Amino acid sequence: MRRRSVVSALLLSLGAGAAVPAAAADPATAPASAPAPAAAGPRPLGQVVPVPASVKAAGGPFTLAEDAAIHVPAGSPTATAVGRYLADILRPSTGYDLPLTTSTRRQGIVLALDGGADTGSEGYRLQSTPQAVVISAASTAGLFHGVQTLRQLLPAAVERDFLQLGPWTIAGGTITDRPRYAYRGAMLDVARHFHSVAQVERYIDQLALYKINRLHLHLTDDQGWRIAVSSRPRLTTLGGTTEVGGGQGGYYTKAEYQQLVQYAASRYMLVVPEIDMPGHTNAALASYAELNCDGVVRAPYTGTAVGFSSLCVAKAPTGAFVDDVIREVAAMTPGPYLHIGGDEARATSRVDYIAFMDRAQQVVARYGKTVIGWHQIAAAHLAPGVIAQYWGTKGDEEPVAAAARSGTRLIMSPANHAYLDMKYDEATPIGKTWAGYTEVRQSYDWDPASVVRGAPAASVMGVEAPLWSETVSESSDIEYLAFPRLPAIAEVGWSPAASHGWTSFQQRLAAQGPRWTALGIGYYPSPQVPWQFAY
Ligand code: IFG
């Protein structure tokens, strides 16, 4: 008997007929010792988040065999990397070898770069028959997104990193899928509290499960500067050593930033760096005296107020500073976007704000990047191609709608739906309340195309879920606030508007609970969701 079979037999003899009951997110509601009910048949093909564009159940199920292989196309190192990513997920839990092979037999799991044009640059087709599961796409990004769907079609136990009992069965049929929006982002504020490379990589892996493809890093603020700029060393040697609450802070060296960029890229996520200016700049004002109008260096700040700081727009050193920073951040960012903030510049006069933002846009363009700014940037003269990120709650900001009608594209992050740092309710131990308590249904029930009145639906390029970190210092804090609301926003960004429906989403979200438990994600067990605890 092969080792695996011995272990499986042993587990069976111990009566662990079902998967070991998952530790429920809320011990109070999970049965104390009752074994989880035996695994049901394969989950329905469409029980996936985000819901696929098209699902046709048909034919018998596919069951992963012990001697199955993962077939990858020859001559594509990036497709092979997707195959290896999938193998790394399946091997520990199934105990199967799952070798990668370039043989063209359609048996086992097949990743094929031959997607029909109808799945676009990020979509895929997944066909499940008793012989094979075939994921085909026009790009490796599509293969990667198809793999996320494949993961969710398998029992949640597949996410465990130690041997589980199968069977590993997927319902028969065909999924054809592609995203509604091209920009599906999550923002992590690493300035208020610093989050290490490992913490960010952990979040990247969690975001990938829901086909998020943009990671916006809020790198600078009043409380800390988190990205090394060689021509301005004190930004990190001084500005990087503080954070909210007085902790030691931290920052990414250029090598560490590159590591994050590459890790995100391996999960088909582009990094969008944000240098917030001219407000939210106390860390810079504490590092270089000449950036202050009075020439006096500011004291480091570890509180949570906003709107009190401003670069001195009129002074030449400020222009030189902006050029140094944007030049170096652009050079280390392969993605097309550079976010220059622009929010809450209450200590900057309107005239200075417009002058600053007009000039900053030119600097970003000079270094070959596309500007993203918080929607207040619409007060300035927006160059063609500039993107405004909407974070309001009322949708009545006419300058934003006017800019959109003139060609500015919008990323939707309405704070009363998409801000993951909002408390769920008054009992939530961390988070803020200024945009209102936000339960998961509120994060789900909105349409990006109708958030800003008067903005053409075609001006919306996507959605983004910001997570501000005034009250967020650990991965457990990130996960408690992001799950279950991030998957809701991911579905809003990926799935067709016509498929939008709380009842369906609620059921599909409930099935994600055991998956998060298997992944060690301590999620908020929202009372709005009929959570499943067995897998
Ligand atoms: N608004 C500020 C953030 C953060 C947030 C917390 C934006 C664009 C409130 N600006 O959101 O810096 O403090 O919810």
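Up top is the structure these notes are about.
Let us look at the structure shown here. Because the structure is a prediction, the values reported are computed rather than measured. (Residues numbered from 1 in each chain as written. Predicted model: local features only at pLDDT ≥ 70, side-chain atom pairs only at ≥ 80, totals over all residues. Heavy atoms only, no water.)

Considerations on the sheet that holds strand β9 (residues 173-177)
Part 1 of the reasoning: Spatially, β1-β9-β6-β7-β5-β3-β4 is the arrangement adopted by the seven strands of the open sheet, whose pairing is mixed. Edge positions in the sheet fall to β1 (54-57) and β4 (100-101), since each has one partner strand and no second.
Part 2 of the reasoning: Packed on one face of the sheet, helix α3 (residues 140-153) meets β5 (108-112), β6 (124-128), β7 (132-136) and β9 and runs near 40° to β6. (Pairing = 2+ DSSP bridges. Helix = DSSP H or I, 4+ residues; strand = E, 2+ residues; numbered from the N terminus. Contact = heavy atoms within 4.5 Å. Axes fitted to C-alpha atoms, helices over the stretch in contact; angles between N-to-C directions.)

Quick word on the packing of helix α4 (residues 197-208) against helix α6 (residues 254-266)
To describe two helices that pack against each other, one gives the angle between their axes and the distance between the axes.
Part 1 of the reasoning: Axis separation between α4 and α6 bottoms out at 10 Å; the angle between their running directions is 10°. Put simply, α4 runs roughly parallel to α6. Here α4 contributes Val 197, Val 200, Glu 201, Ile 204 and Asp 205 to the contact with α6, which in turn contributes Glu 256, Gln 259, Leu 260, Tyr 263 and Ala 264.
Part 2 of the reasoning: The residue inventory of the contact of α4 with α6, partitioned by class, reads six nonpolar, one polar and three charged. (Parallel < 35°, antiparallel > 145°, perpendicular 65-115°, else oblique. Nonpolar A, V, L, I, M, F, W, Y, C, P; charged D, E, K, R; others polar.)

Focus: the pairing of strand β16 (residues 370-374)
Part 1 of the reasoning: By the criterion of burial, β16 is predominantly enclosed, with four of the five residues buried.
Part 2 of the reasoning: Relative to β16, strand β15 (residues 337-341) is paired through three bridges, and the arrangement is parallel. In the strand pairing of β16, Leu 338 is matched with Val 371.
Part 3 of the reasoning: Handedness of the β15-helix α9 (residues 350-366)-β16 crossover: right-handed.
Part 4 of the reasoning: Strand direction decides the pairing type here: β16 and strand β17 (residues 387-390), joined by three bridges, are parallel. Paired with Gly 373 across the strands is Ala 388, a residue of β17. (Buried < 20%, exposed > 50% of the residue type's maximum accessible area, 1.4 Å probe, protein only. Right-handed = clockwise from strand over helix to strand, strands pointing away.)

Overview of the packing of aromatic side chains
Part 1 of the reasoning: Under the counting rule described, the total for this entry stands at 23 aromatic pairs.
Part 2 of the reasoning: Taking the centre distance of 5.0 Å and the plane angle of 40° together, the rings of Phe 144 and Tyr 268 count as tilted. One end of the pair, Phe 144, is in helix α3; the other, Tyr 268, is in the loop between α6 and β14 (270-277), and 124 residues separate them in sequence.
Part 3 of the reasoning: Residue Phe 144 is classed as buried on the basis of its relative accessible area, which comes to 1%.
Part 4 of the reasoning: Considering the side-chain rings of Trp 374 and Trp 391, the 6.4 Å spacing of their centres and the 75° angle between planes classify their relative orientation as edge-to-face. (Phe/Tyr/Trp six-rings, centres within 6.5 Å; stacked < 30°, edge-to-face > 60°.)

Description of the sheet that holds strand β18 (residues 409-412)
Part 1 of the reasoning: Pairing within the closed barrel is parallel, and its eight strands lie in the order β10-β11-β14-β15-β16-β17-β18-β19. The average angle at which neighbouring strand axes cross in this sheet is 30°, direction not considered.
Part 2 of the reasoning: Where strand β10 (residues 183-189) lies against strand β11 (residues 214-218), five bridges are found, and the strand directions are parallel. Bridge pairing in β11 places Ala 186 opposite Leu 215.
Part 3 of the reasoning: Relative to β14, helix α8 (residues 316-331) is tilted by about 170°, and along the sheet it contacts β14 and β15.
Part 4 of the reasoning: Most of the contacts of α9 go to β15, to which it runs at about 160°, and overall it touches β14, β15 and β16.

Side note on the site of the ligand
Part 1 of the reasoning: Around the ligand there are 14 residues in total, and Asp 343, Tyr 419, Asp 421, Trp 434 and Glu 470 lie nearest to it.
Part 2 of the reasoning: Within the side chain of Trp 434, one N or O atom sits 2.7 Å away from an oxygen atom of the ligand.
Part 3 of the reasoning: Take Glu 470: an N or O atom from its side chain is 2.6 Å from an oxygen atom of the ligand.
Part 4 of the reasoning: Taken by itself the ligand offers 350 Å² of open surface, and the protein chains cover 97% of this.
Part 5 of the reasoning: When the residues that make up the shell around the ligand are grouped by side-chain class, the tally is seven nonpolar, one polar and six charged. (Near = heavy atom within 4 Å. Polar contact = N/O pair within 3.5 Å; in protein donor to acceptor, adjacent residues only side chain to side chain. Areas by Shrake-Rupley, 256 points an atom, 1.4 Å probe, with all protein chains shown as cover.)

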